[in-house]
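Structure assessment
The lines below spell out each chain.
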Amino acid sequence: MKHNAEVQESRHDIPKWVVVVAMLAVAVAGNAWFADQPLLYRVLGVVIICVAAAAIALTTTKGQALMELARGSKREIQRVVWPTRQETIQTTLIVLAAVLVVGLLLWLIDTVLGWAMSGIIG
């Protein structure tokens, strides 16, 4: 069920994005301004401001579209048929064997060509 209809942006979206950008700027500037404070307090302040900015951003049209994308992705992941442990081990062993064989072939070709070039060059 795809929704291809265009969603009209709210007239409040632009002011919300301005507030989000301003909050992030305040977080960065505040972190620099309070550089003499303990790191824990600065990190907590930045995290709190970023969470608040994200909450505001998620109320916009693009934020709601992002949330719908995340919900759809979660539903899609739940539908995936994951391989069993035995299938994973078998596939891994096949890949390792193939890498080993190709590595040995490349080493053999390199050795033979090196021997041939040293025979030609002298």
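Summarised in this report is the structure supplied together with it. These numbers come from a predicted model, not from an experiment.

1. Quick notes on the overall build of the protein chain
- Summing up its helical and strand segments, the protein chain has 4 helices and 0 strands in all.
- Ordering the α and β elements of the protein chain from the N terminus gives α-α-α-α.
- The C-alpha atoms of the protein chain give a radius of gyration of 28 Å, which is well past the 14 Å a tight globule of 122 residues would have.
- Its C-alpha atoms give the protein chain principal-axis dimensions of about 75 × 50 × 30 Å.

2. Some points on the packing of helix α1 (residues 13–33) against helix α2 (residues 39–57)
- Interaxial distance between α1 and α2 falls to 9 Å at its minimum, and their mutual angle equals 175 degrees. Compared by their axis directions, α1 and α2 come out roughly antiparallel. The segment α1 lies against α2, with Lys16, Trp17, Val19, Val20, Met23, Leu24, Val26, Ala27 and Asn31 engaging Arg42, Val46, Ile49, Cys50, Ala52, Ala53, Ile56 and Ala57.
- Here the residues of the contact of α1 with α2 sort into 14 nonpolar, 1 polar and 2 charged.

Conventions and cut-offs
One numbering rule holds for all chains: residues counted from 1, following each sequence as written. Side-chain atom pairs in this predicted model are given and counted only at pLDDT of 80 or more, local residue features only at pLDDT of at least 70, and totals for whole chains, interfaces and linings cover all residues. Side-chain measures were taken over the full set of non-hydrogen atoms in the model, leaving aside hydrogen atoms and water. By the criteria applied, helices consist of DSSP H or I runs no shorter than four residues and strands consist of E runs no shorter than two, each listed in order from the N terminus. Radius of gyration here is computed from C-alpha atoms only, and the compact-globule reference equals 2.2 Å multiplied by the residue count raised to the power 0.38. For helices, the axis comes from a line fit to the C-alpha atoms of the stretch in contact; other axes are also lines fit to C-alpha atoms, and the angle between any two N-to-C directions lies between 0 and 180 degrees. Each angle gets one of four labels, with under 35 degrees taken as roughly parallel, over 145 as roughly antiparallel, 65 to 115 as roughly perpendicular, and the rest as oblique. Residues are treated as being in contact if the distance between any of their heavy atoms lies within 4.5 Å. In this classification, Asp, Glu, Lys and Arg are treated as charged, Ala, Val, Leu, Ile, Met, Phe, Trp, Tyr, Cys and Pro as nonpolar, and every other residue, Gly included, as polar.

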